[in-house]
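Architecture and fold: a report
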Amino acid sequence: MVKIPFACGECHLILADGVDMCPRHPAAQVSTDWTGYVIIIQPVRSEMAKRLMVELPGKYALKVNIR
Ligand SMILES: [Zn+2]
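These lines cover the structure that appears in this document, whether it is placed above or below. (Residues numbered from 1 in each chain as written. Predicted model: local features only at pLDDT ≥ 70, side-chain atom pairs only at ≥ 80, totals over all residues.)

Of regular secondary structure, the chain possesses 1 helix and 6 strands. Along the chain direction, N to C, the helices and strands of the chain fall in the order β-β-β-β-α-β-β. Relative to the globule expectation of 11 Å for 67 residues, the C-alpha radius of gyration of the chain, 11 Å, shows essentially globular dimensions. Taking the principal axes of the C-alpha coordinates as reference, the chain spans close to 35 × 30 × 20 Å. Counting only residues that meet the buried cut, the chain has 22% of its 67 residues in that class. The long-range share in the chain, meaning contacts at least 24 apart out of those at least 6 apart in sequence, stands at 41%. (Helix = DSSP H or I, 4+ residues; strand = E, 2+ residues; numbered from the N terminus. Rg over C-alpha atoms; globule rule 2.2 N^0.38 Å. Buried ≥ 20, exposed ≤ 12 C-beta atoms within 10 Å, placed from the backbone. Contact = placed C-beta atoms within 7 Å.)

Below is the structure:
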């Protein structure tokens, strides 16, 4: 069984294994219920980064469902 990492409900950042708190948004909810997977390398030049309002490179979920 593949373990699903948490994604931040605020910035959609996909967190590292075993991490359940976004380093940028400690107060934000995290969820394993997310879809889509994008790796953003150069946020300035990425249309996807603009859509997700991402300013820092990293791995992001397209959609995060917070219960
Ligand atoms: Zn975050």
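What follows is about the environment of Cys22. Inspection of the secondary structure puts Cys22 in the loop between strand 1 (7-8) and strand 2 (30-31). Spatially, the C-alpha atoms of Cys22 and Glu47 are 23 Å apart, while their sequence positions differ by 25 residues. Sequence-distant contacts of Cys22, that is, excluding residues within four places in its chain, are made with Cys8, Glu10, Cys11, Leu13, Leu15, Ala28 and Val30.

Below, the discussion takes up the nonpolar core. Judged by nonpolar contacts, the single largest core of 13 residues is most densely connected at Ala7, Cys8, Leu13, Ile14, Val30, Tyr60 and Ala61. Listed by contribution, the elements that provide at least two residues to this core are strand 1 and helix 1 (47-52). Discounting residues that sit within four places of it in the chain, Leu13 has contacts with Ala7, Cys8, Cys22, Arg24, Gly58 and Tyr60. (Core = buried A, V, L, I, M, F, W, Y, C linked by C-beta atoms within 7 Å.)

Although it is not a glycine, His12 adopts a positive phi angle of roughly 70°. For His12, a count of 21 C-beta atoms within 10 Å corresponds to the buried category. In this model, Met53 sits at a positive phi of 60°, which is unusual for a non-glycine residue. As for its placement among the helices and strands, Met53 is situated in the loop between helix 1 and strand 5 (58-60).

Right, let's talk about the environment of Pro43 for a bit. Topologically, Pro43 is positioned in the loop between strand 4 (38-40) and helix 1. Setting aside residues no more than four positions away along its own chain, Pro43 makes contact with Ala49, Val54, Glu55, Leu56 and Pro57.

Tracing the backbone through its elements, the reader meets Ala7 in strand 1. A sequence separation of 55 residues divides Ala7 from Leu62, and the C-alpha atoms of the two residues are 9.9 Å apart. Not counting residues up to four positions away in its chain, the partners in contact with Ala7 are His12, Leu13, Ile14, Leu15, Val30, Ser31, Trp34, Ala61 and Val64.

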